[in-house]
Amino acid sequence: GTRWPPSLGRSSAEAMRSAGRQALEGFVDPMLALAHTTLDAPPGYEIARVLLHRAARPTVENRFITEGTATLFDMTDRDRIAVARQAVRGQRRATVRRLWAGEGPRDAAVVRAVGAAFVERLVKEGGRDRFLAFLRDQSPENARAVYGAETLDGIVAAVDADLRRR
């Protein structure tokens, strides 16, 4: 027979499959402040999505920005540009503007990694208050209003250049 509960020494998905069960994905319901995560997920990813919703109370959400924010604040200490660079390797369509517009790769790993690198730069260049103001309306138009066109264009260009750097 199959052991239950599954061994905690393996990834959640692997353990569930070995026990003959379908792997569960993490999920979040920010309205209920409910987060379910898996053992192999970054420790703060799902709860960061709840906090984003509760702190910023977004009226206009964007997958690229929301996923990037949750990934940036996932309680891991990773080099966000290096992770993003690895995620976009061989994908010419993966630019900040394309992903923000939902036109680039749909792969969650790419969206999260590049989003985190971009959000990290937004926070670093513009500060906490601007970032929180931007999070209420995550559209490129609002970003231009909050950061200024020149600053935003510079941040976008810098992240795109970092992604292509070897």
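Scroll up for the structure.
Per chain, the residues get numbers from 1 upward, laid out in the order the sequence is written. Under the rules for a predicted model, residues below a pLDDT of 70 receive no local features and side-chain atom pairs below 80 are neither given nor counted, while totals for whole chains, interfaces and linings still include all residues. The basis for every side-chain value is the complete set of non-hydrogen atoms in the structure, without hydrogens or water.

This brings us to the pattern of salt bridges. A side chain with one charge may pair with a side chain of the opposite charge, provided their charged atoms come close. Any Lys or Arg side-chain nitrogen located within 4 Å of an Asp or Glu carboxyl oxygen qualifies as a salt bridge. For the coordinates displayed, the defined rule picks out six salt bridges. A salt bridge links Asp 162 to Arg 121; its shortest N-O distance comes to 2.5 Å. Here the residue Asp 162 occupies a position in helix α8 (residues 149–164), and Arg 121 occupies one in helix α6 (residues 108–136), the gap between them amounting to 41 residues. In terms of burial, Asp 162 and Arg 121 fall into one category: buried. Linking Arg 144 and Asp 153 is a salt bridge whose minimum nitrogen-to-oxygen distance equals 3.1 Å. Buried residues are those whose accessible area, probed at 1.4 Å on protein chains only, stays under 20% of the maximum for their type, while exposed residues exceed 50% and partly exposed ones sit between those limits. Owing to a relative accessible area of 34%, Arg 144 belongs among the partly exposed residues under this scheme. Bridged by salt links that share partners, the residues Arg 97, Arg 144 and Asp 153 form one connected network. Helix and strand definitions follow DSSP, with helices as H or I runs of at least four residues and strands as E runs of at least two, each counted in order from the N terminus.

Attention shifts here to the environment of Arg 97. Assignment of secondary structure puts Arg 97 in helix α5 (residues 96–100). The class of Arg 97 is partly exposed, set by a relative accessible area of 38%. The spatial distance from the C-alpha of Arg 97 to the C-alpha of Asp 160 is 9.1 Å, given a sequence separation of 63 residues. Contact criterion: two residues are considered in contact whenever any of their non-hydrogen atoms come within 4.5 Å of each other. If we skip the residues at most four places from it in the chain, Arg 97 touches Arg 144, Asp 153 and Val 156.

Another aspect to go through is the nonpolar core. In this structure, Phe 64, Trp 100, Val 114 and Phe 118 are the most contacted members of the largest nonpolar core, which totals 32 residues. Looking at this core, the elements with two or more residues in it are α2 (45–56), α3 (63–72), α4 (80–88), α5, α6, α7 (140–147) and α8. No other element matches α6, which puts 12 residues into this core. As used in this record, nonpolar core signifies buried Ala, Val, Leu, Ile, Met, Phe, Trp, Tyr and Cys residues forming a set joined through side-chain atoms within 4.5 Å.

Empty space among the atoms becomes apparent when a probe as large as a water molecule is rolled across them. Whether a set of points on the 1 Å grid over the protein atoms alone is a cavity depends on a 1.4 Å probe fitting there but being unable to get out, while an open set qualifies as a pocket with protein on both sides within 12 Å along at least five of seven lines; lining residues are those with an atom within 4 Å of a point. Grid points are joined across faces, edges and corners, and a volume is the space filled by probe spheres set on the points. Counted as a void, the second largest pocket has a volume near 240 Å³. Lining of the second largest pocket is provided by 14 residues; of these, Leu 52, Thr 69, Phe 73, Phe 131 and Leu 132 occupy positions nearest its centre. Only α2 and α6 provide two or more residues apiece to the lining of the second largest pocket. Only Asp, Glu, Lys and Arg are considered charged in this grouping, and only Ala, Val, Leu, Ile, Met, Phe, Trp, Tyr, Cys and Pro are considered nonpolar; every other residue, Gly among them, is considered polar. Taken together, the residues that form the lining of the second largest pocket break down as 11 nonpolar, two polar and one charged.

So, on to a nonpolar patch on the surface. A cluster of nonpolar side chains, Phe 27, Met 31, Leu 32 and Leu 34, forms an exposed patch at the surface whose accessible area comes to about 430 Å². Tracing the sequence through the fold places Met 31 in the loop between β1 (27–29) and β2 (34–36). Look at Met 31 and you get exposed, because its relative accessible area is 60%. Think of a patch as exposed residues, more than 30% relative accessible area, with no salt bridge, where like charges cluster within 9 Å and nonpolar side chains (Val, Leu, Ile, Met, Phe, Trp, Tyr) cluster within 5 Å. Computed by Shrake-Rupley with a 1.4 Å probe, the accessible areas treat only the displayed protein chains as cover when residues are assessed.

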